[in-house]
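Listed here are the chains, written in short residue letters.
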Amino acid sequence: MAEEPVDESARAPGAGSKVVAGNWKMNHGPAAAERFFARFSPAVEEGAVRLVFFTPDLSLAAAADGARVPAEFGVQNIHWEGSGALTGETSAEMAREAGAALTLIGHSERRHIFGETDAEVGRKVRAAVRAGLAPVVCVGELLEERRAGRLEEVLRRQVGAFAGSLAGARAAMVAYEPVWAIGTGETATPEDAAEAHGIVRSALGRRVRVPVLYGGSVKPGNAVALMSAPDVDGVLVGGASLDPDVFARIAEAGAVAGPGGG
Ligand code: PEP
């Protein structure tokens, strides 16, 4: 039987709006997560954007309990096995049981610091889909790859490693994050983002219709322009998601930029 194409359901809070996702990386333990939401929740307009938080695993419950705004929560990494002798790892099933609805997969720090390969990204995506966890898969080129004119080749290779697995997913997203723009203060122009997002969409194929987010030094000052670029359905924000006031301003920018594929 042919699988139904992925089409993000309208159930998520803020569905149909831009996605504004924060990746806290290894920051904000449980107490800091509570403090973040005590300040963030009153500062954002409910439902104006689709808010997503990728917290450290140990802060997931504190964040979800402390948020007084509709938001979705996810982890930053999973292992592809369901259980076993894999010290320090978390399975997709365990993340779900702990309250995660989504998981980042293949973030550039996982690929470039921890040596994660395209094949491993593919296995993790399949594990997430099997467990009912929405994969948010990160792709992006290195500066030398961009300079060598290899943007399209790199993105097609990275997306090709998991696109087939998304056809069976109930929900998923892809984040285009040029490696040279992550945590560096360098940002892709809206034109760069639109070009790369077009490649990602084409590599995903017509059967996989999911939000495609931009990530890489997003700040309140560039968020409206980036989220207004063609094919940009929202943003994945690292450093600027740690400060509740700054992240609230990025959420506001998402509302200004208007509807998205989220
Ligand atoms: C990220 O970690 O996904 C990211 C985009 O980081 P930053 O916003 O700090 O560049």
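Whatever comes next refers back to the structure up there.
We now turn to the structure provided with this report. (Residues numbered from 1 in each chain as written. Predicted model: local features only at pLDDT ≥ 70, side-chain atom pairs only at ≥ 80, totals over all residues. Heavy atoms only, no water.)

**Brief notes about the site of the ligand**
Point 1. In the region of the ligand, 14 residues are neighbours, and Lys25, Glu177, Gly183, Ser217 and Gly238 sit closest.
Point 2. The separation between an oxygen atom of the ligand and a polar main-chain atom of Gly183 is 2.6 Å.
Point 3. Taking Gly239, its main chain carries an N or O atom lying 2.8 Å from an oxygen atom of the ligand.
Point 4. Partitioned by chemical class, the residues of the shell around the ligand number 4 nonpolar, 8 polar and 2 charged. (Near = heavy atom within 4 Å. Polar contact = N/O pair within 3.5 Å; in protein donor to acceptor, adjacent residues only side chain to side chain. Nonpolar A, V, L, I, M, F, W, Y, C, P; charged D, E, K, R; others polar.)

**Let's talk about helix H10 (residues 220–228)**
Point 1. The set of residues buried in H10 consists of Asn222, Ala223, Leu226 and Met227. The arc that holds every buried residue of H10, seen down its axis, measures 125 degrees, which confines them to one face.
Point 2. For H10, the elements touching its buried residues are strand E2 (19–23), helix H9 (190–204), strand E9 (212–215), strand E10 (234–237) and helix H11 (244–257). (Buried < 20%, exposed > 50% of the residue type's maximum accessible area, 1.4 Å probe, protein only. Helix = DSSP H or I, 4+ residues; strand = E, 2+ residues; numbered from the N terminus. Arc of directions from axis to C-beta. Contact = heavy atoms within 4.5 Å.)

**Thoughts on the nonpolar core**
Point 1. Judged by nonpolar contacts, the single largest core of 70 residues is most densely connected at Phe40, Leu51, Phe53, Phe162, Leu204 and Ile250.
Point 2. When near neighbours in sequence (up to four residues on either side) are disregarded, Phe162 contacts Val121, Gly122, Val125, Val137, Val139, Val174 and Leu204.
Point 3. Core analysis: the second largest hydrophobic core is formed by 13 residues, Ala21, Leu104, Cys138 and Leu213 among them. (Core = buried A, V, L, I, M, F, W, Y, C linked by side-chain atoms within 4.5 Å.)

**Quick word on the pattern of salt bridges**
Point 1. Going through the model one piece at a time under the given rule, you end up with 13 salt bridges.
Point 2. In this structure, the salt-bridge partner of Glu153 is Arg150, at a minimum N-O distance of 2.9 Å.
Point 3. Salt bridges sharing common partners tie together Arg110, Glu116 and Lys124. (Salt bridge = Lys/Arg side-chain N within 4 Å of Asp/Glu carboxyl O.)

**Considerations on the environment of Gly16**
Point 1. Within the secondary structure, Gly16 is located in the loop between strand E1 (6–7) and E2.
Point 2. Judged by relative accessible area, Gly16 falls into the partly exposed class, the value being 42%.
Point 3. Gly16 sits 87 residues away from Thr103 along the chain, and the two C-alpha atoms are 20 Å apart.

**With respect to unusual backbone geometry**
Point 1. Non-glycine residue Lys25 carries a positive phi angle of around 50 degrees.
Point 2. Relative to the elements of secondary structure, Lys25 occurs in the loop between E2 and helix H1 (30–40).
Point 3. One non-glycine residue, Ser217, lies in the positive phi region at around 55 degrees.
Point 4. Counting through the fold element by element, Ser217 comes out in the loop between E9 and H10.
Point 5. Note on Ser217: relative accessible area 10%, which makes it buried.

**Here we look at helix H7 (residues 151–160)**
Note: α-helices contain 3.6 residues per turn, so residues at a spacing of three or four share the same orientation.
Point 1. By the burial criterion, the buried members of H7 are Leu151, Val154, Leu155, Gln158 and Val159. Relative to the axis of H7, the buried residues are bounded by an arc of 120 degrees and lie together on one face.

**Focus: the sheet that holds strand E3 (residues 50–54)**
Point 1. Here 8 strands make up a closed barrel; going around it, the order is E2-E3-E4-E5-E6-E7-E9-E10 and the pairing parallel. Averaged over all pairs of adjacent strands, the angle between strand axes in this sheet comes to 25 degrees, irrespective of strand direction.
Point 2. One ladder, built from 3 bridges, connects E3 with strand E4 (residues 72–75); its direction is parallel. Following the sheet pairing, Phe53 is matched in E4 by Phe73. (Pairing = 2+ DSSP bridges. Axes fitted to C-alpha atoms, helices over the stretch in contact; angles between N-to-C directions.)

**Things to note about the environment of Ala248**
Point 1. In this fold, Ala248 is placed in helix H11.
Point 2. With near-sequence residues (within four places) excluded, Ala248 lies in contact with Phe40, Ala43 and Val44.

**Description of the packing of aromatic side chains**
Point 1. Going through the model one piece at a time under the given rule, you end up with 14 aromatic pairs.
Point 2. Ring centres of Trp24 and Phe36 lie 4.9 Å apart, and the angle between their planes is 65 degrees; this geometry places the pair in the edge-to-face category. One end of the pair, Trp24, is in the loop between E2 and H1; the other, Phe36, is in helix H1, and 12 residues separate them in sequence.
Point 3. Aromatic ring contacts, followed pair by pair, group Trp24, Phe36, Phe37, Phe40, Phe53, Phe73 and Phe247 into a single cluster.
Point 4. Directly above the ring of Phe114 sits Arg110, whose terminal nitrogen or CZ lies 4.1 Å from the centroid. (Phe/Tyr/Trp six-rings, centres within 6.5 Å; stacked < 30°, edge-to-face > 60°. Lys NZ or Arg CZ within 6 Å of the ring centre and 35° of its normal.)

**Section: the packing of H1 against H11**
Point 1. Where H1 meets H11, the axes come as close as 9 Å, and the angle between the chain directions of the two elements is 50 degrees. Judged by the inter-axis angle, H1 sits oblique to H11. Where H1 crosses over H11, the two elements pack in a sense that is right-handed. Where H1 approaches H11, its residues Phe36, Arg39 and Phe40 are matched on the opposing element by Pro244, Asp245, Phe247 and Ala248.
Point 2. Residues of the contact of H1 with H11, tallied by class, amount to 5 nonpolar, no polar and 2 charged. (Parallel < 35°, antiparallel > 145°, perpendicular 65-115°, else oblique. Left-handed = near helix turned anticlockwise from the far one by under 90°.)

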